[in-house]
Amino acid sequence: QVQLVESGGGLVQTGGSLILSCAASGRTPSVMGWFRQAPGKEREFVARITRSSGLTYYTDSVKGRFTISRDGAKNTVYLQMNSLKPEDTGVYYCAAKIPMIGTFDYWGQGTQVTVSS
């Protein structure tokens, strides 16, 4: 089992920055990522990072603005969000999976990010 605890959400103006953190405990996941869900919409993938290699992948809408990183010693991943837009508003969820392949099996409780125009 993996337990995930997120922190760092909040309210920011358009163009501002926020950093989200996600601390994992229990078993060590191979891949961790971030998803988000806007009001009235389905949850969507944002970014992911592989623990061993540091390989990252982003959804197109956040490329160049968001950066996912990891601290292996702390089993923590971060999502640095810059140049935020109102459409980035939503609940951001940390996710993890133990094998390299397959779906994300473990989820955090979510943290609210609100970008005002």
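Structure first, text after, so check above.
Position numbers for residues start from 1 in each chain and track the written sequence from start to end. Only residues with pLDDT of at least 70 get local features here, since the model is predicted, and only at 80 or more are side-chain atom pairs given and counted; chain-wide, interface and lining totals rely on the full set of residues. Think of the side-chain values as coming from all heavy atoms in the structure, minus any hydrogens and water.

## What to know about the state of the cysteines
- Two cysteine sulfurs form what is called a disulfide whenever their separation falls within 2.5 Å. A complete count under the given rule lists one disulfide for this structure.
- Bridging Cys22 to Cys94, the disulfide has an S-S length of 2.0 Å. Here Cys22 and Cys94 share a disulfide; its torsion about the S-S bond, -80 degrees, makes the bridge left-handed. On the criterion of sequence distance, the pair formed by Cys22 in strand β3 (residues 18-26) and Cys94 in strand β9 (residues 90-97) is long-range, its members being 72 residues apart. Where helices and strands are cited, they refer to DSSP runs of H or I of at least four residues and of E of at least two residues respectively, numbered from the N terminus.

## So, the packing of aromatic side chains
- Paired rings are identified among Phe, Tyr and Trp, the last through its six-membered ring, by centres lying within 6.5 Å, and are further divided according to the angle between planes into stacked (under 30 degrees), edge-to-face (over 60) and tilted (the rest). Counting across every chain of the model gives four aromatic pairs.
- Look at Phe35 and Phe104: their rings are 5.3 Å apart centre to centre, the planes differ by 80 degrees, and that puts the pair in the edge-to-face class. Residue Phe35 is located in strand β4 (residues 31-37), and its partner Phe104 is located in the loop between β9 and β10 (106-107); the two are separated by 69 residues in the primary sequence. Residue Phe35 shares its accessibility class with Phe104, and that shared class is buried.
- An aromatic cluster is defined as three or more aromatic residues linked by ring pairs; in this entry it consists of Phe35, Phe45, Tyr57, Phe104 and Trp107.
- Directly above the ring of Tyr93 sits Arg43, whose terminal nitrogen or CZ lies 4.0 Å from the centroid. Per-residue accessibility, obtained with a 1.4 Å probe over protein chains only, is compared with the maximum for each type, and a residue is labelled buried under 20%, exposed over 50%, and partly exposed between these values. Two conditions define a charge located above a ring, namely a distance within 6 Å from the ring centre to NZ of Lys or CZ of Arg, and an angle within 35 degrees of the ring normal.

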